[in-house]
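Structural description and commentary
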Amino acid sequence: MVPMAPFPALPGAGGSTPATLTRRAKAAIVVRLLLNEGADIPLEDLPEDLQAQLTKQMGSMRLVDRNTLSSVVSEFADELDSIGLSFPGGIAGALDSLDGRISKQTAARLRKEAGVRQYGDPWARLKDMGVEKLLPILENESIEVAAVLLSKIDVARAAELLGKLPGPQARRITYAVSQTSAVTPDAVDRIGLSLAAQLDAEPLQAFDDGPVERVGAILNSTTSITRDDVLEGLDETDAGFADLVRKAIFTFANIPKRIAPRDIPRVVRELEQEVLLIALAGAEAAGVKPSADFILENMSGRMADQLREEVEELEKVKPAEVEEAMSTIITTIREMEASGDLLLVVDDNDDD
């Protein structure tokens, strides 16, 4: 029988104890063990040079005895147990972890100073974009770039985007998708970076909301006299803008059109009973009795009857008290909407 040559020694071990292994060799052992156990390790998130070093290290290794494996795993587990807090590596990781918590201007300046690209994977950002952001890209980019974009985002969003394009353009892009099999990963990455750069080139907005929303929110919190006076002035200056602001405004009078009947009990539970009683008592004099009726009709009959009795027993309420109570109710509804506890009904025909 021809004698078999022994397996080559573990690089870095030299036939000695596991403690003499390099950290790179230990990392390769741990990664190999995790892969054997079916773990999904996001190695692609590592810098490319570390991915290359790990691959070369694994390629140079052969067999590891059980004692060495047990020792390396035990050391790895001890290191994990001793970690109290970890930070992202480098300025790019720090900026990613602080995304949305520091201003866009500061983030852009720090990225520029550090010379790091905006996103490690631009497609992760593009995939989260809404249709309204992606549609202009499809309309203005080449057919080939549009085909790559549709191929990278989820199917439902791609279908929605195609449905918003003119038929001939949608057909050309769809055909171009069938030609993307030869596109290299490097080309896809460059396309993603280019598209992300276009989005980043858009000037930063000083305000989160548009002028219509901002004016509407301000007028929501004013008295009805001030609100009507401002809207009258806007009608004279810019009737179109005034119309949009009216639709953005949500007042006590809009409750029947903007709140679903099933949501009235939830709103009532958030209100102090005294506030609700004053608003109901003064609704007729304020010209918004339909809103009061709507509230009473969409709660339990027993509670509605009780509120009607208490309204009748109330002394005459002052207009200023009624205005304040109604404003409090609207503020509560807006807070419920902002927190996601309430979804207002969209009524494009609401001109009140």
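The following paragraphs examine the structure supplied in this document.

What counts, and where the lines are drawn
- Along each chain, the written sequence defines residue order, and numbers are assigned to residues from 1.
- Totals for whole chains, interfaces and linings use all residues, but because this is a predicted model, local features are given only for residues with pLDDT of at least 70 and pairs of side-chain atoms are given and counted only at 80 or more.
- Hydrogen atoms and water are omitted, and side-chain values are computed over all heavy atoms in the structure.
- Labels follow the DSSP assignment, with helices taken as runs of H or I lasting at least four residues and strands as runs of E lasting at least two, numbered in each case from the N terminus.
- Summary of the burial criterion: residues with accessible area below 20% of their type's maximum are buried, those above 50% are exposed, and those between are partly exposed, where the area comes from a 1.4 Å probe applied to protein chains only.
- The residues that make up patches have over 30% relative accessible area and no salt bridge, and they are joined within 9 Å when like-charged or within 5 Å when they are Val, Leu, Ile, Met, Phe, Trp or Tyr.
- Method for areas: the Shrake-Rupley scheme with a 1.4 Å probe, in which residue coverage is limited to the protein chains shown.
- Salt bridges, as used here, are contacts in which a Lys or Arg side-chain nitrogen is within 4 Å of a carboxyl oxygen on Asp or Glu.
- Neither His nor the chain ends contribute to the count of charged residues, in which Lys and Arg are positive and Asp and Glu negative.
- Lysine's charge is taken at NZ, arginine's at CZ, aspartate's at CG and glutamate's at CD.

Looking at the environment of T174
Counting through the fold element by element, T174 comes out in helix α10 (residues 167–177). Overall, T174 belongs to the partly exposed group, its relative accessible area being 42%. Sequence spacing of T174 and I143 is 31 residues, and the spatial spacing of their C-alpha atoms is 9.0 Å.

Quick notes on a negative patch on the surface
There is a patch of like negative charges on the surface, built from D228, D229, E232 and E236. With respect to the element layout, D229 can be found in helix α13 (residues 224–237). Among the residues examined, D229 registers a relative accessible area of 53% and is labelled exposed.

What about the pattern of salt bridges?
Considering all chains together, one arrives at 9 salt bridges under this definition. A salt bridge links D154 to R157; the shortest N-O distance between them is 3.8 Å. Given a relative accessible area of 36%, D154 falls into the partly exposed group. Its salt-bridge partner being R246, residue D235 comes within 2.7 Å of it at the nearest N-O pair.

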